[in-house]
Amino acid sequence: MTVPRWIPVLAAALFVAAALTLGLLWSRGALRHPSEDARGAGAPVACAPLNPTGPPPAECPQARPPTPRAP
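What counts, and where the lines are drawn
Residues numbered from 1 in each chain as written. Predicted model: local features only at pLDDT ≥ 70, side-chain atom pairs only at ≥ 80, totals over all residues. Heavy atoms only, no water. Helix = DSSP H or I, 4+ residues; strand = E, 2+ residues; numbered from the N terminus. Buried < 20%, exposed > 50% of the residue type's maximum accessible area, 1.4 Å probe, protein only. Areas by Shrake-Rupley, 256 points an atom, 1.4 Å probe, with all protein chains shown as cover. Patch = residues over 30% accessible without salt bridge, like charges linked within 9 Å, V, L, I, M, F, W, Y side chains within 5 Å. Salt bridge = Lys/Arg side-chain N within 4 Å of Asp/Glu carboxyl O.

Enquirer: Would you mind going over the overall build of the protein in detail, with residue names and values included?
Expert: Helix and strand counts for the protein come out as one helix and zero strands. When each of the 71 residues of the protein is scored for burial, the buried share is 4%. When the accessible surface of the protein is summed, it comes to about 6,800 Å², and 68% of that surface belongs to carbon and sulfur atoms.

Shown next, in the form of structure tokens:
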């Protein structure tokens, strides 16, 4: 039994397409693990007060007073 010539060509084309897709997803950050996500890491270092008992710097979101909500 002989293998038609188009089967290895199709397999190679699918391999290249999968490699390109994975490369594109990886370059855009879509393949990151949730533990690598910066949102779950807490406050940025710039917002950490030098003195833990002191207030945070004024540019931090935690330093702004809360705004009243409308009922």
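Enquirer: Summarise a nonpolar patch on the surface; cite the residues concerned and give the values.
Expert: A contiguous nonpolar surface patch, about 530 Å² in accessible area, is contributed by V3, W6, I7, L10 and L14. Within the secondary structure layout, L14 lies in helix 1 (residues 6-27). On the accessibility criterion, L14 (55% relative accessible area) is exposed.

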